[in-house]
Amino acid sequence: MFVSDFRKEFYEVLQSQRVLLFVASDVDALCACKILQALFQCDHVQYTLVPVSGWQELETAFLEHKEQFHYFILINCGANVDLLDILQPDEDTVFFVCDTHRPVNVVNVYNDAQIKLLIKQDDDLEVPAYDDIFRDEEEDKEHSGNESDEGSEPSEKRARVEEEIAEQTLKRRKRRDWEARRRDILFDYEQYEYHGTSSAMVMFDLAWMMSKDLSDMLWWAIVGLTDQWVQDKITQMKYVTDVGILQRHVSRHNHRHEDEEHALSVDCMRISFEYDLRLALYQHWSLHDSLCNTCYTAARFKLWSLHGQKRLQEFLADVGLPLKQVKQKFQSMDVSLKENLREMIEESANKFGMKDMRIQTFSIHFGFKHKFLASDVVFATMSLMESPEKDGSGTDNFIQALDSLSRNQVSGLRPVMEPCACHVSGGTWTSCIAAWSSPSSSCVPHSRPSPAASAPTSSFPRGPSSTAPSWRARQTLCCSPGQLP
Amino acid sequence: MDAAEVEFLAEKELVTIIPNFSLDKIYLIGGDLGPFNPGLPVQVPLWLAINLKQRQKCRLLPPEWMDVEKLEEIRDHERKEETFTPMPSLHYMELTKLLLNHASDNIPKADEIRTLIKDVWDTRIAKLRVSADSFVRQQEAHAKLDNLTLMEINTSGAFLTQALNHMYKLRTNLQPSDSSQSQDL
């Protein structure tokens, strides 16, 4: 069932309960989880956080915890399968599902008691109508039962029997037609998988409804949306529409602070709208590395071939950037070159067949040093989550990535140095990005996500028998209400 | 005493907040905290103010003295005088730190205030060092320092007393060695 009033039917129900959060392992889910955690901490709601990365883990974790909890929240998992069938919960368990996977399974939509979907209904869902899919099976049997009881005289009975037979064949034919139509409708509904609005944006809306939205939450919503776009889960149109919505929030937040005559402290976080290049992490690497390692440019130039590499050189010559400058770190490039960089690159990119070199995005900066684009944060968090540490477990990576998202508060100015497997300090995204100062360095062979190879498949496909990546140990975290951010 | 303990004591200071929730009067051991109504300012201890701010349930108002012009006056006054001048609050350092860390968006010109308070602190600590130095040199038995706050005392107090103890031990050991004779080999 779709939840219409998020605040009353979802949040206020949970205020005095203990809940269990199942969070899938992608950046959008992470951001939604951060927003929800911040809200829970404000209102002292007890929750347990279980990161899951596949159906098997979800089932195991559910079996472990099902006696202790009545309310379960699933983030970015569970909408596209029949939850009641897979998890077999008790009668009084309630699931709140906030998932971007579409199409939403029809059983989840039409179950009123146990499954509540935190999904906006103005998404293009096109759920088939109830009567087209479900039908009371008992009606037919009752009618045939009643009719055989009546009728006393043999002649009337024979006539009646003939009538009955005619009616029954008619009914059977209607039933077969209905079933064929049902199969068609369900086939059309379920043939394509796609993604809907980012869960982080849904959670941010909830926070906004309760007037508890902070700039932090707005930033997490932005990161969640950018993650969907970076991994090619949504179309360009949808991305632009959602960016428009978030831009309104950003200007509202900025105006709220500009009302005072004095500017904000430098340490406060500021979000601004940018129309920037879509090269991955170009402000932290060198421009050349970034051009070679972004999906978009690597594919357009066909950089795996010699011809492609020559084209790249031509492109750089066309923009007017000397090779020496382009290959050194972006921050040390000549200021005169950096001034009109974006426009120059866009012009040349148009000539080389790349029309969408610039996209609308957001950037955050706080303090004097830290300025990040939303896509930078997405790549950094993805790599933290996926880094195959030998001694860490999947959950540790998840928690580390979760922590790194909150470093943009005051504590972000105190970089936490944690040695990662390659003896390079990594832990916050500042130090993580600094660690990949050159993507070809032998120091960091595994923990960099190659943006050129990111596959857009999610770890919760509809077939429940698919194998999930094997994480080793799994732990759960219990957060008591006494913890403050 | 730890600096953390001093900060804990400083959290009892009253500050003004503007809550966004409503609650009846609460009766605590330390005193009563007035009824909370959204939009109306109320005085609460600092620990409660910081907690409510972190839960986004209130807005903090800076204390009266936390203002750029006033602090500039205080700083200039402190620099002119040789002795310590009275501070606007006995716990100015801790208050500033807590308020600026947790609620810098509610305090205008937070950066300048931070710099000014740091200037005042540096001046006072320098005066403390100078006076401790002259105290030791002239081997005074008694010194009187007015208008010091607990945090400043705590910063230099432990070291000063231990150093004076050491020096006392060294001095008292000097006398018998005058009369003792060195051994000839």
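Predicted model, so just to flag it, every value in this text is computed and none were measured.

Observations concerning the overall build of chain B
Phase 1 of the analysis: Looking only at helices and strands, one finds 6 helices and 5 strands in chain B.
Phase 2 of the analysis: In chain B, the order of α-helices and β-strands from amino to carboxyl end is α-β-β-β-β-α-β-α-α-α-α.
Phase 3 of the analysis: Over its C-alpha trace chain B gives a radius of gyration of 23 Å, far above what one expects of a compact globule, namely 16 Å for 185 residues.
Phase 4 of the analysis: The proportion of buried residues among the 185 residues of chain B is 37%.
Phase 5 of the analysis: Put simply, of all contacts in chain B between residues at least 6 apart along the chain, 68% involve residues at least 24 apart.
Phase 6 of the analysis: Of the roughly 11900 Å² that chain B leaves accessible, carbon and sulfur atoms contribute 54%.
Phase 7 of the analysis: A gap of 3 Å separates the mean positions of the 21 positive and 28 negative side-chain charges of chain B.

Observations concerning the overall build of chain A
Phase 1 of the analysis: A tally of regular secondary structure across chain A gives 20 helices and 13 strands.
Phase 2 of the analysis: Out of the 485 residues belonging to chain A, those deemed buried represent 49%.
Phase 3 of the analysis: Sequence-distant contacts, at least 24 apart, represent 71% of the contacts inside chain A between residues at least 6 apart.
Phase 4 of the analysis: Accessible area of chain A: about 23600 Å², with a carbon and sulfur share of 50%.

Structural notes on the packing of aromatic side chains
Phase 1 of the analysis: Summed over the entire model, instances satisfying the criterion amount to 16 aromatic pairs over all chains.
Phase 2 of the analysis: Pairing tyrosine 71 of chain A with phenylalanine 96 of chain A gives two aromatic rings, centres 6.3 Å apart and planes at 20°, and the pair type is stacked. Taken together, the residues span a long stretch of sequence, with tyrosine 71 of chain A in strand β3 (residues 71-75) and phenylalanine 96 of chain A in strand β4 (residues 94-98) at a distance of 25 residues. For the pair formed by tyrosine 71 of chain A and phenylalanine 96 of chain A, the shared burial category is buried.
Phase 3 of the analysis: Directly above the ring of phenylalanine 6 of chain A sits lysine 120 of chain A, whose terminal nitrogen or CZ lies 5.7 Å from the centroid.
Phase 4 of the analysis: Across from the ring centre of phenylalanine 84 of chain B, 5.8 Å away, lies the NZ or CZ of lysine 127 of chain B, which sits over that ring.

Concerning the side chain of serine 348 of chain A
Phase 1 of the analysis: Its location among the elements puts serine 348 of chain A in helix α17 (residues 341-351).
Phase 2 of the analysis: Residue contacts for serine 348 of chain A: discarding those within four places in its chain leaves Phe315, Asp318 and Val319 of chain A.

Observations concerning the sheet that holds strand β10 (residues 370-373) of chain A
All names here are of chain A.
Phase 1 of the analysis: Ordered in space as β8-β9-β10, the 3 strands form an open sheet in which the pairing is antiparallel. Edge strands, defined here as strands with exactly one partner in the open sheet, are β8 (270-277) and β10. In this sheet, neighbouring strand axes are inclined to one another by 30° on average, regardless of whether the strands run parallel or antiparallel.
Phase 2 of the analysis: Of the pairings in the sheet, the one linking β8 to strand β9 (residues 358-366) comprises 8 bridges and is antiparallel in character. Looking at the pairing, arginine 270 lines up with histidine 365 of β9.
Phase 3 of the analysis: With respect to the sheet, helix α10 (residues 215-230) is in contact with β8, β9 and β10, its orientation differing from that of β9 by roughly 145°.

What about the sheet that holds strand β1 (residues 14-19) of chain B?
The strands making up a sheet are joined through hydrogen bonds of the backbone, oriented either antiparallel or parallel.
All names here are of chain B.
Phase 1 of the analysis: The sheet built from 3 strands is open, its strands ordered β4-β1-β5 with antiparallel pairing. Each of the sheet's edge strands pairs with one partner strand only, and the pair in question is β4 (42-45) and β5 (58-61). Across the sheet, the axes of successive neighbouring strands diverge by a mean angle of 45°, strand direction being ignored.
Phase 2 of the analysis: The pairing of β1 with β5 spans 4 bridges and is classified as antiparallel. Across the sheet, the residue bridging to threonine 16 is leucine 61, located in β5.
Phase 3 of the analysis: Contacts from helix α2 (residues 46-54) reach β1, β4 and β5 within the one sheet, and its direction differs from that of β4 by about 105°.

Thoughts on the UniProt feature "domain: DNA replication complex GINS protein PSF2 N-terminal" (unreviewed entry) in chain B
Phase 1 of the analysis: Under the UniProt annotation, the feature "domain: DNA replication complex GINS protein PSF2 N-terminal" (unreviewed entry) is placed at residues 3-60 of chain B.
Phase 2 of the analysis: In the segment residues 3-60 of chain B, helix accounts for 29% and strand for 33%; the C-alpha atoms at its two ends are 24 Å apart.

Considering the nonpolar core
All names here are of chain A.
Phase 1 of the analysis: In this structure, Phe22, Phe40 and Trp219 are the most contacted members of the largest nonpolar core, which totals 105 residues.
Phase 2 of the analysis: It is helix α2 (residues 27-43) that provides the largest number of residues to this core, a total of 11 residues.
Phase 3 of the analysis: Setting aside chain neighbours within four positions, we find phenylalanine 40 in contact with Tyr11, Leu14, Val19, Leu21, Val45, Tyr47 and Ile73.

Cut-off values and rules
Residues numbered from 1 in each chain as written. Chains lettered and ligands numbered in written order. Predicted model: local features only at pLDDT ≥ 70, side-chain atom pairs only at ≥ 80, totals over all residues. Heavy atoms only, no water. Helix = DSSP H or I, 4+ residues; strand = E, 2+ residues; numbered from the N terminus. Rg over C-alpha atoms; globule rule 2.2 N^0.38 Å. Buried < 20%, exposed > 50% of the residue type's maximum accessible area, 1.4 Å probe, protein only. Contact = heavy atoms within 4.5 Å. Areas by Shrake-Rupley, 256 points an atom, 1.4 Å probe, with all protein chains shown as cover. Lys, Arg positive; Asp, Glu negative; His and termini not counted. Charge placed at Lys NZ, Arg CZ, Asp CG, Glu CD. Phe/Tyr/Trp six-rings, centres within 6.5 Å; stacked < 30°, edge-to-face > 60°. Lys NZ or Arg CZ within 6 Å of the ring centre and 35° of its normal. Pairing = 2+ DSSP bridges. Axes fitted to C-alpha atoms, helices over the stretch in contact; angles between N-to-C directions. UniProt positions renumbered as here; feature names shortened; annotations may be inferred. Core = buried A, V, L, I, M, F, W, Y, C linked by side-chain atoms within 4.5 Å.

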